[in-house]
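A look at the structure
So the chains spell out like this:
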Amino acid sequence: MARLNVNPTRMELRRLKTRLKTATRGHKLLKDKSDEMIRQFMIYIRENKRLREEVEGELSQALKEFMLARAVTSDSVIEEAIAMPGVKVELNTSEKNVMSVGVPEFGIVEKEHGDLYPYSFASVTSELDSSIATLSTLLGKLLKLAEVEKTCNMLADEIEKNRRRVNALEYVMIPQLEETIKYITMKLDENERSSTIRLMKVKSMIENR
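First, a word on what this report is: a plain description of the structure on this page. (Residues numbered from 1 in each chain as written. Predicted model: local features only at pLDDT ≥ 70, side-chain atom pairs only at ≥ 80, totals over all residues. Heavy atoms only, no water.)

1. A look at the overall build of the chain
Helices and strands together make up the secondary structure of the chain, namely three helices and two strands. Written out in order from the N terminus, the α and β elements of the chain read α-α-β-β-α. By residue count, 25% of the 209 residues in the chain fall in the buried class. Contacts in the chain between residues at least 24 apart in sequence constitute 76% of all its contacts with a sequence separation of at least 6. Accessible area for the chain stands at about 14300 Å²; split by element, carbon and sulfur atoms hold 56% of it. (Helix = DSSP H or I, 4+ residues; strand = E, 2+ residues; numbered from the N terminus. Buried < 20%, exposed > 50% of the residue type's maximum accessible area, 1.4 Å probe, protein only. Contact = heavy atoms within 4.5 Å. Areas by Shrake-Rupley, 256 points an atom, 1.4 Å probe, with all protein chains shown as cover.)

Now the structure itself:
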């Protein structure tokens, strides 16, 4: 491992030891943060899997019922039946903090709540009623799924960034600092030995005189 290009002085040695202490502490904090982020990520992944399976199952059932309704009812009647929505909603967006990552949070507020079935029951089949009822309950779940999936993506990106920081500290910065500290310590010890030898020689020369 290449050492840093610094002057081998005691002041530089103290500065590097302080940097090494800070880097070691930062490495531990980032490692702990990474472990907790992975734990949170796994929780969101499991929630995402559960929501996706639930939404896909209900959506598939709603589409099957809608196709059955279309099979026995003309397109014009279907279009007329679903042309006017019975419920109007407003989407609220905000942000929440998950392990220092700002992730989205969605919510819906009903602005107008009319009849869920704004059409004559005599003109359509019960499959259309069932399909509309299922789809009306899916909006909240779809928003929650979108929220959880986006959170998973953002956490995955942050975990990758954090992993690179941990690796940079563990495999580059900390080894460089340790190698440089070792080099400076050796140099200072060598200089001290040289000074001692010179002093001993001077003393010996003085005594011989």
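2. Quick word on the pattern of salt bridges
Tallied over the entire structure, the rule returns 17 salt bridges. One salt bridge connects Glu12 with Arg15, and the closest N-O pair in it is separated by 2.2 Å. Of this pair, Glu12 and Arg15 both sit in helix 1 (residues 10–72), three residues apart, which is roughly one turn of that helix. The exposure class assigned to Glu12 is buried, which follows from its relative accessible area of 15%. Overall, Arg15 belongs to the partly exposed group, its relative accessible area being 40%. (Salt bridge = Lys/Arg side-chain N within 4 Å of Asp/Glu carboxyl O.)

3. Topic: a nonpolar patch on the surface
Among the surface-exposed residues, Val89, Leu91, Ile108 and Leu139 lie close enough to one another that they form a single nonpolar patch of about 300 Å² accessible area. One can find Val89 in strand 1 (residues 87–98). Exposure remark for Val89: the relative accessible area of 39% places this residue in the partly exposed category. (Patch = residues over 30% accessible without salt bridge, like charges linked within 9 Å, V, L, I, M, F, W, Y side chains within 5 Å.)

4. Some thoughts on the nonpolar core
Counting residues in each nonpolar core, the largest one holds 14 residues, and the members touching the most others are Tyr44 and Leu155. When contributions to this core are tallied by element, the ones reaching two or more residues are helix 1, strand 2 (101–113) and helix 3 (126–208). For this core, the element with the most residues is helix 3, which contributes six residues. Once residues lying within four places of it in the same chain are set aside, the contact partners of Tyr44 are Lys96, Val98, Val148, Thr151, Cys152 and Leu155. (Core = buried A, V, L, I, M, F, W, Y, C linked by side-chain atoms within 4.5 Å.)

5. With respect to unusual backbone geometry
Even without being a glycine, Met99 presents a positive backbone phi close to 55 degrees. Within the secondary structure layout, Met99 lies in the loop between strand 1 and strand 2.

6. A word on the packing of helix 1 against helix 3
For the pair helix 1 and helix 3, interaxial distance at closest approach is 4 Å and the crossing angle is 165 degrees. Here helix 1 lies roughly antiparallel to helix 3, going by the angle between them. Seen along the crossing, helix 1 lies across helix 3 with a hand that is left-handed. Of the residues assigned to the contact of helix 1 with helix 3, the class counts are 35 nonpolar, 14 polar and 20 charged. (Axes fitted to C-alpha atoms, helices over the stretch in contact; angles between N-to-C directions. Parallel < 35°, antiparallel > 145°, perpendicular 65-115°, else oblique. Left-handed = near helix turned anticlockwise from the far one by under 90°. Nonpolar A, V, L, I, M, F, W, Y, C, P; charged D, E, K, R; others polar.)

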